[in-house]
Amino acid sequence: MPVTDVTQDLDNLTLTITADFLAPVERIWQVYADPRQLEKVWGPPSYPATVVDHNLTPGGRVTYFMTGPEGDKHAGYWHITAVDEPNSLSFDDGFADLDFNPTPGLPVSRNVYTFTAHDGGTRATYVSTYESAEALQQVLDMGVVEGATSAINQIDGLVGS
Amino acid sequence: MSEEAEERADALFHALADRTRRDIMRRVLGGEHSVSVLAAKYDMSFAAVQKHVAVLERAGLLTKRRSGREQLASGDVQAVRSVASMLTELEQVWRGRIARIDELIKPNSEQED
């Protein structure tokens, strides 16, 4: 599996995940720069994502919705805060209504993705920070748990095959 | 979640939202401490530390017992683990995404080579 390290910082409510991919930095950047590729990786199989707006520039927005098994739609947005193509990307990730207006009162996570050349491939570092433990709980309550469960099943599938 | 579980979650997060209380938790998870020994570690009054311990106790994060004139506090490992488990759930979301990126960038999924 490409994941090489996971760090939980309980005081700062930060999750840091490091993964090594067997592809150059430019290839990994493409996954985020191309909305059709991004939607393939963002949502779990049971909640596929559709990317609508995609403006990877500081101040720009990426909007998406995920469609659940009952046809239920869950929208979110990224507010891009910094871009250093193809090395790093920073954005706030929040929940939105189906017109992509940010939902007031719901938590926003701060995210920094960094891609560096490593051993002929790419080392990707994903850092997500939540405002409070309540925010973390809300994010999980909002349904990423179902995503988590199917992601676990998918990993089990990969490992078992 | 039931009303009772919601209230318990509120108490849990409120309890852990304070740096001193998190520090107290680190100590009492390592073993039983008397409240007076804990109080000596912080630059605040015994009453203030006792109040922090009471908040942690109400949240179910630690338990207290009396031994003579001393109050002894110890941490509940299970209760704390539930906060860590939330980050672990998010980790699983990430592992799913990373597995999908890995699948997507495989040369044979894009073109024959």
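It should be emphasised that the depicted structure is a prediction, and the values quoted were computed from it without experimental measurement. Starting afresh in each chain, residues are numbered from 1 along the sequence in its written order. Written order decides the labels, with chains lettered from A and ligands numbered from 1. Given that this is a predicted model, residues contribute local features only at a pLDDT of at least 70 and side-chain atom pairs are listed and counted only at 80 or more, while totals for whole chains, interfaces and linings are drawn from all residues.

All names here are of chain B. Here the axes come from fitting lines to C-alpha atoms, over the contacting stretch only for helices, and the angles between their N-to-C directions go from 0 to 180 degrees. Helix and strand definitions here come from DSSP, where helices need a minimum of 4 consecutive H or I residues and strands a minimum of 2 consecutive E residues; each element is numbered from the N-terminal end. Running from N to C, helix α2 (residues 19–30) and helix α4 (residues 46–58) point in directions that differ by 75°, and their axes come no closer than 10 Å. One way to sum up the angle between α2 and α4 is to call them roughly perpendicular. Residues Thr 20, Arg 21, Ile 24 and Met 25 of α2 lie in contact with α4, whose contacting residues are His 52, Val 53, Val 55 and Leu 56. A breakdown of the residues in the contact of α2 with α4 according to their chemical character gives 5 nonpolar, 2 polar and 1 charged. Roughly parallel means an angle under 35 degrees; roughly antiparallel means over 145; roughly perpendicular covers 65 to 115; every other angle is labelled oblique. Once C-beta atoms are placed from the backbone, any two residues with those atoms within 7 Å are in contact. Note that Gly is not counted as nonpolar here; it falls among the polar residues with everything else outside the nonpolar set of Ala, Val, Leu, Ile, Met, Phe, Trp, Tyr, Cys and Pro and the charged set of Asp, Glu, Lys and Arg.

On average, residues of chain B score 82 in pLDDT, and 81% of them reach the 70 mark or higher. Two summary scores accompany this predicted model of the complex, namely pTM at 0.64 and ipTM at 0.78. pLDDT measures how confident the predictor is about each residue, on a scale from 0 to 100.

We now examine the sheet that holds strand β5 (residues 73–84) of chain A. All names here are of chain A. If DSSP finds at least two bridges between two strands, the strands pair. Taken together, the 8 strands give an open sheet; going across it, the order is β1-β2-β8-β7-β6-β5-β4-β3, and neighbouring strands pair in antiparallel fashion. Strands with a single pairing partner mark the edges of an open sheet, and in this sheet they are β1 (3–9) and β3 (49–54). Adjacent strand axes in the sheet meet at a mean angle of 20°, parallel and antiparallel pairs treated alike. Here 6 bridges tie β1 to strand β2 (residues 14–21), and the two strands are oriented antiparallel to one another. Each residue of the ladder has a partner; that of Val 6, found in β2, is Ile 17.

All right, on to α2(B) then. Residue and element names in this part refer to chain B. Working rule for helices: expected span equals 1.5 Å times residues minus one. A rise of 1.5 Å per residue sets the reference length of α2, with its 12 residues, at 16 Å; its end C-alpha atoms lie 17 Å apart and thus fit the reference within 8%. Here a residue counts as buried when 20 or more other C-beta atoms fall within 10 Å of its C-beta, as exposed when 12 or fewer do, and as partly exposed in between; the C-beta atoms come from the backbone. Here α2 has its buried residues at Arg 21, Ile 24, Met 25 and Val 28. Angular distribution of buried residues about the axis of α2 spans 105°; they occupy a single face of the element. Looking at α2, the residues exposed on the side facing more than 90 degrees away from the buried face are Arg 19 and Gly 30. Where α2 ends, the next residue or the one after it, Gly 31, has phi of about 160°, a positive value. Directions from the helix axis toward the C-beta atoms define the arc.

Moving on to the confidence of the model for chain A. A low pLDDT means the predicted coordinates there should not be read in detail. Residue and element names in this part refer to chain A. Mean pLDDT over chain A works out to 83, with 86% of the residues at or above the 70 mark. Taken element by element, chain A is modelled with least confidence in helix α3 (residues 133–160), mean pLDDT 51, and with most confidence in β3, mean pLDDT 96. Note on residues 145–161: pLDDT under 50 across the span, and 28 contacts to partners over four residues away in sequence or across chains.

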